[in-house]
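This is what each chain is made of:
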Amino acid sequence: MKWKAHFVIGALAAVVLIYILETAGLATLAVVALFGAFSALLPDLDLETSKGRKLLDISFIPFAMIIAYVSGCGTGICIPTISMITMFLVLVGLYFVIFMLLKPKHRGITHTIFLGLVYAIGLNIIVGQTFALAGFAGYVSHLIADRQVKFL
């Protein structure tokens, strides 16, 4: 399936899930849609030539910066702390080690519900339940759309 289809399906899956489970305003649903859309591209990070991989290679550093900032400041404004900088460096380091050095095979571990759950748990710890649910919905929507649903 093409990346654009995964992007749209991930956005819709995230919005539907958050709308059903929570009371969310239009602005929140827009952010959740974008988050779910990008999460739906994550299973194809194992394929270097995929559009999703290229987009995520470009967007990962700003994404890691946002995650690190939100984890330390929430929705407020603050001066970055050492722990926020450390989180940013850890996220970038993990991304580099996993996808540049280990290079998982296509439709291997990245196409499993297990990794989707690990992703959701990490998101829940870092940015909270809403984004964890949206991220998981987007991630799993990719597996369903590819008809590659496996636990491990």
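The notes below deal with the structure included here. None of the values given here were measured: they were computed from a predicted structure.

Further remarks concern the layout of surface pockets. One number sums up the size of the largest pocket: a volume of about 1100 Å³. In terms of lining, the largest pocket is formed by 33 residues, of which the most central are L42, F60, F63, Y119 and L123. Split by residue class, the lining of the largest pocket holds 29 nonpolar, 4 polar and no charged.

Another aspect to go through is the side chain of H142. Positionally, H142 belongs in helix α6 (residues 129-146). Residue H142 is classed as buried on the basis of its relative accessible area of 0%. Here A40 takes part through its backbone oxygen, which lies 2.6 Å from a polar atom of the side chain of H142. Excluding residues that lie within four positions of it along the chain, H142 makes contacts with H6, A40, P43, D44 and H111.

Taken as a class, soluble globular proteins show a tendency for nonpolar side chains to be buried jointly. Among the nonpolar cores identified, the biggest contains 24 residues, and L42, L45, Y119, L123 and A134 are the most heavily contacted of them. When contributions to this core are tallied by element, the ones reaching two or more residues are α1 (3-21), α2 (26-39), α3 (51-73), α4 (82-102), α5 (113-127) and α6. At 5 residues, α3 tops the list of elements feeding residues into this core. Discounting chain neighbours no more than four positions away, the residues touching L42 are L56, Y119 and Y139.

Calculation rules
Residues numbered from 1 in each chain as written. Predicted model: local features only at pLDDT ≥ 70, side-chain atom pairs only at ≥ 80, totals over all residues. Heavy atoms only, no water. 1 Å grid on protein atoms, 1.4 Å probe; cavity = no way out; pocket = protein on both sides within 12 Å on 5 of 7 lines; lining within 4 Å. Points joined across faces, edges and corners; volume = space filled by probe spheres on them. Nonpolar A, V, L, I, M, F, W, Y, C, P; charged D, E, K, R; others polar. Helix = DSSP H or I, 4+ residues; strand = E, 2+ residues; numbered from the N terminus. Buried < 20%, exposed > 50% of the residue type's maximum accessible area, 1.4 Å probe, protein only. Polar contact = N/O pair within 3.5 Å; in protein donor to acceptor, adjacent residues only side chain to side chain. Contact = heavy atoms within 4.5 Å. Core = buried A, V, L, I, M, F, W, Y, C linked by side-chain atoms within 4.5 Å.

Just geometry here; none of it tells us what the structure is for.
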